[in-house]
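Report on the structure
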Amino acid sequence: MIVQDDWHVRILGPGAAVLNSTALQPGDRILGYLPQRERHVGYPIDEFCHEQ
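What comes next concerns the included structure.

When helices and strands are tallied, the protein chain shows zero helices and four strands. Shown N-terminal to C-terminal, the secondary structure of the protein chain runs as helices and strands in the order β-β-β-β. Counting over 52 residues, the protein chain shows a buried share of 8%. A sequence separation of at least 24 residues applies to 7% of the contacts in the protein chain between residues at least 6 apart. For the protein chain, the accessible area works out to roughly 5,000 Å², and carbon and sulfur atoms hold 55% of it.

The next thing to look at is unusual backbone geometry. Despite not being glycine, A16 shows a phi value in the positive range, around 65°. Looking at where A16 falls in the secondary structure, it is placed in the loop between strand 1 (10–12) and strand 2 (18–20).

A separate point is the environment of V18. Positionally, V18 belongs in strand 2. Overall, the relative accessible area of 58% leaves V18 in the exposed class. In this structure, the C-alpha to C-alpha distance between V18 and I30, residues twelve residues apart in sequence, is 9.5 Å.

Another point: a nonpolar patch on the surface. Residues M1, V3 and I30 make up a contiguous nonpolar surface patch of about 280 Å² in total accessible area. Residue placement: I30 occurs in the loop between strand 2 and strand 3 (39–40).

What follows deals with the environment of M1. Relative to the helices and strands, M1 is located in the segment before strand 1. Counting along the chain gives 31 residues from M1 to G32, while the straight-line C-alpha distance between them is 8.6 Å. With near-sequence residues (within four places) excluded, M1 lies in contact with I30, L31 and G32.

The rules behind these values
- Residues numbered from 1 in each chain as written.
- Predicted model: local features only at pLDDT ≥ 70, side-chain atom pairs only at ≥ 80, totals over all residues.
- Heavy atoms only, no water.
- Helix = DSSP H or I, 4+ residues; strand = E, 2+ residues; numbered from the N terminus.
- Buried < 20%, exposed > 50% of the residue type's maximum accessible area, 1.4 Å probe, protein only.
- Contact = heavy atoms within 4.5 Å.
- Areas by Shrake-Rupley, 256 points an atom, 1.4 Å probe, with all protein chains shown as cover.
- Patch = residues over 30% accessible without salt bridge, like charges linked within 9 Å, V, L, I, M, F, W, Y side chains within 5 Å.
- Salt bridge = Lys/Arg side-chain N within 4 Å of Asp/Glu carboxyl O.

Limitation: the analysis is restricted to geometry and does not speak to function.
In C-alpha cells form, the structure reads like this:
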C-alpha cells in the first residue's frame, strides 16, 4: 500500500480508529479495501490505469 505522507491524510485502523498518515509507525495495523475497478478521487473510472 502506498500512502501519502501528509498531515491531512486519514486512514482507518482496527475498530474504525482514525489514524493520521504522518503518525503511522512500522507494525501499525490499518484497514484496507481492494476495489474491483480503478478509482480517481473515490470515483470509479473505466480507463486503463497503470502507475509506476
